Amino acid sequence: MLLRRAALLVLVASPLLAQPPRIDPLQAEIDRRTALIADKLADWRHDIHQHPELSFQETRTARLVADHLKALGLEVRTGVGGNGVVGVLRGGRPGPVVGLRADMDALPVVEQVNVPFRSTVRTVYNGVETGVMHACGHDMHTAILMGTAEVLSGMKAQLPGTIVFLFQPAEEAPPKGGAGPMISDGALDNPKVDVVFGLHVGPGLLGAVQANVGSTTSSADGLRIVVHGRQTHGAFPSAGIDPIVVGSQIVLGLQTIVSRQVNMSTAPAI
């Protein structure tokens, strides 16, 4: 009986499986246009990688982005939340307002990979001379969003709704940088953005896209603790309070909360 049911299921499903998958015309046009600018996108990424800029210093990158968006005919705002750039593309059909986000800043890291577009930029960071490098993929994020703007702007009449391109500065320097200052500066207003999508490249399987419901990436919050000591003579240490020792105990105590009391495999430390 089970064998007959299985055979019947195969016979019913076979015509469905034999049919070619339906290709969405809009998606097919996006794929076609994307293939045409693949080399240009790689050139943008190499250029940005070779000229990295730290948080709050993304002037060259922001200018590159703004010039590109203006050439595409988008409505462009610069200096948003620092060096942020916002481009608005209004589609020819009704629909929601969708934000697409990329970050632009680099890190104080010395590049050790010998590629033609390697960074040779040097800077002084926290009093120490170091290199500057796109070690977190923001060069790719920026180039990808520039390419997305070019592809979609060429399909303006076919697009439902409005696309807001958000090029964010100082992602590596919260809370003074990142999304907060851009939002405060009206990046998600006029038009009012309904939803925002972003991505982050990683060392996973080439060509694969991963998504998650809920929280996907971690973040860090600042915590400031002030320890007040009490001065005393060196001959009578028991009469005083040494803030260095107290501070050291606080650091060790806080560290063991996460490392010894929180199961990080089931939930993040909040």
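Higher on the page you've got the structure.
Small disclaimer: the values here were computed from a predicted structure and weren't measured.

**Looking at unusual backbone geometry**
And step 1. In this structure, proline 191 follows asparagine 190 across a cis peptide bond, with omega equal to 5 degrees.
And step 2. Looking at the element boundaries, proline 191 is found in the loop between helix H6 (179–184) and strand S7 (195–198).
And step 3. Although it is not a glycine, phenylalanine 56 sits at a positive phi angle of roughly 75 degrees.
And step 4. Relative to the helices and strands, phenylalanine 56 resides in the loop between helix H3 (38–50) and helix H4 (59–71).
And step 5. The exposure class of phenylalanine 56 is partly exposed, given its relative accessible area of 47%.

**Some words on the packing of H3 against H4**
And step 1. The geometry of H3 relative to H4 is characterised by a closest axis approach of 10 Å and an angle of 155 degrees between their N-to-C directions. Taken as axis vectors, H3 and H4 run roughly antiparallel relative to one another. For the pair H3 and H4, the sense of crossing is right-handed. Contacts between H3 and H4 pair Trp44, Asp47 and Ile48 from the former with Arg60, Thr61, Leu64 and His68 from the latter.
And step 2. Residues of the contact of H3 with H4, tallied by class, amount to 3 nonpolar, 2 polar and 2 charged.

**With respect to the pattern of salt bridges**
And step 1. In total, this model carries 9 salt bridges according to the counting rule given.
And step 2. The salt bridge involving glutamate 29 is made with arginine 32; its shortest N-O contact spans 2.8 Å. Pair noted here: glutamate 29 and arginine 32 are both in helix H2 (residues 25–36), with a separation of 3 residues, about one helical turn.
And step 3. For glutamate 29, a relative accessible area of 18% puts it in the buried group.
And step 4. Put simply, arginine 33 and glutamate 29 hold a salt bridge, and the shortest N to O gap is 2.8 Å. Here arginine 33 and its partner glutamate 29 are both found in helix H2, 4 residues apart, which amounts to about one turn of the helix.
And step 5. By relative accessible area, arginine 33 is classed as partly exposed at 23%.
And step 6. Through salt bridges with shared partners, one network takes in Glu29, Arg32 and Arg33.

**Some thoughts on the nonpolar core**
And step 1. By size, the foremost hydrophobic cluster in this structure holds 22 residues, and its most contacted members are Ile163, Phe165 and Phe167.
And step 2. Those elements that provide at least two residues to this core are H3, H4, strand S2 (84–90), strand S3 (93–103), helix H5 (138–153) and strand S6 (160–168).
And step 3. Among the elements that make up this core, the one with the highest residue count is H5 (5 residues).
And step 4. Once you skip the residues sitting within four places of it in the chain, phenylalanine 165 turns out to touch Leu74, Val85, Val86, Gly87, Leu89, Leu100, Leu145, Thr148, Ala149 and Leu152.
And step 5. Counting 9 residues, the second-largest nonpolar core is a separate cluster that includes Val88, Leu166, Met182 and Val193.

**Notes on the pairing of strand S1 (residues 75–80)**
And step 1. Strand direction decides the pairing type here: S1 and S2, joined by 5 bridges, are antiparallel. When the sheet's bridge partners are listed, glutamate 75 is paired in S2 with valine 88.
And step 2. Connecting S1 to the antiparallel partner S2 that follows it, the hairpin turn spans 3 residues, and glycine 81 within it adopts a positive phi of roughly 65 degrees.

**Some thoughts on the sheet that holds S6**
And step 1. Taken in spatial order, the 5 strands of this open sheet run S1-S2-S6-S3-S7, and their pairing is mixed. On the outer flanks of this sheet lie S1 and S7, each paired with one strand and no other. The sheet shows a mean angle of 20 degrees between the axes of neighbouring strands, taken without regard to direction.
And step 2. Contacts between H4 and the sheet are confined to S1, S2 and S6, with S2 contributing the most and set at about 15 degrees to the helix.
And step 3. Sheet strands in contact with H5 are S2, S3 and S6, and its direction is about 155 degrees off that of S3.

Rules behind the numbers
Numbering of residues starts from 1 in each chain and follows the order in which that chain's sequence is written. Only residues with pLDDT of at least 70 get local features here, since the model is predicted, and only at 80 or more are side-chain atom pairs given and counted; chain-wide, interface and lining totals rely on the full set of residues. The side-chain numbers reported here are obtained from all heavy atoms of the structure, hydrogens and water having been left aside. Put simply, DSSP marks the helices as runs of H or I at least four residues long and the strands as runs of E at least two long, and each gets a number from the N terminus on. Working definition: with a 1.4 Å probe on protein chains only, accessible area under 20% of the residue-type maximum means buried, over 50% means exposed, and in between means partly exposed. Lines fitted to C-alpha atoms define the axes here, with helix axes fitted over just the stretch in contact, and angles between the N-to-C directions of these axes take values from 0 to 180 degrees. What sets the label is the angle itself: under 35 degrees gives roughly parallel, over 145 gives roughly antiparallel, 65 to 115 gives roughly perpendicular, and the rest give oblique. For any pair of crossing helices, the crossing counts as left-handed if the nearer helix is rotated counterclockwise from the farther one by less than a right angle, and right-handed if it is rotated clockwise. Contact definition: two residues touch when any of their heavy atoms are within 4.5 Å. Residues are grouped as follows: Ala, Val, Leu, Ile, Met, Phe, Trp, Tyr, Cys and Pro are nonpolar; Asp, Glu, Lys and Arg are charged; all remaining types, including Gly, are polar. Any carboxyl oxygen of Asp or Glu within 4 Å of a side-chain nitrogen of Lys or Arg constitutes a salt bridge here. In this description, a nonpolar core means a group of buried Ala, Val, Leu, Ile, Met, Phe, Trp, Tyr and Cys residues linked to one another through side-chain atoms lying within 4.5 Å. Here the rule is simple: two strands pair whenever DSSP picks up at least two bridges between them.

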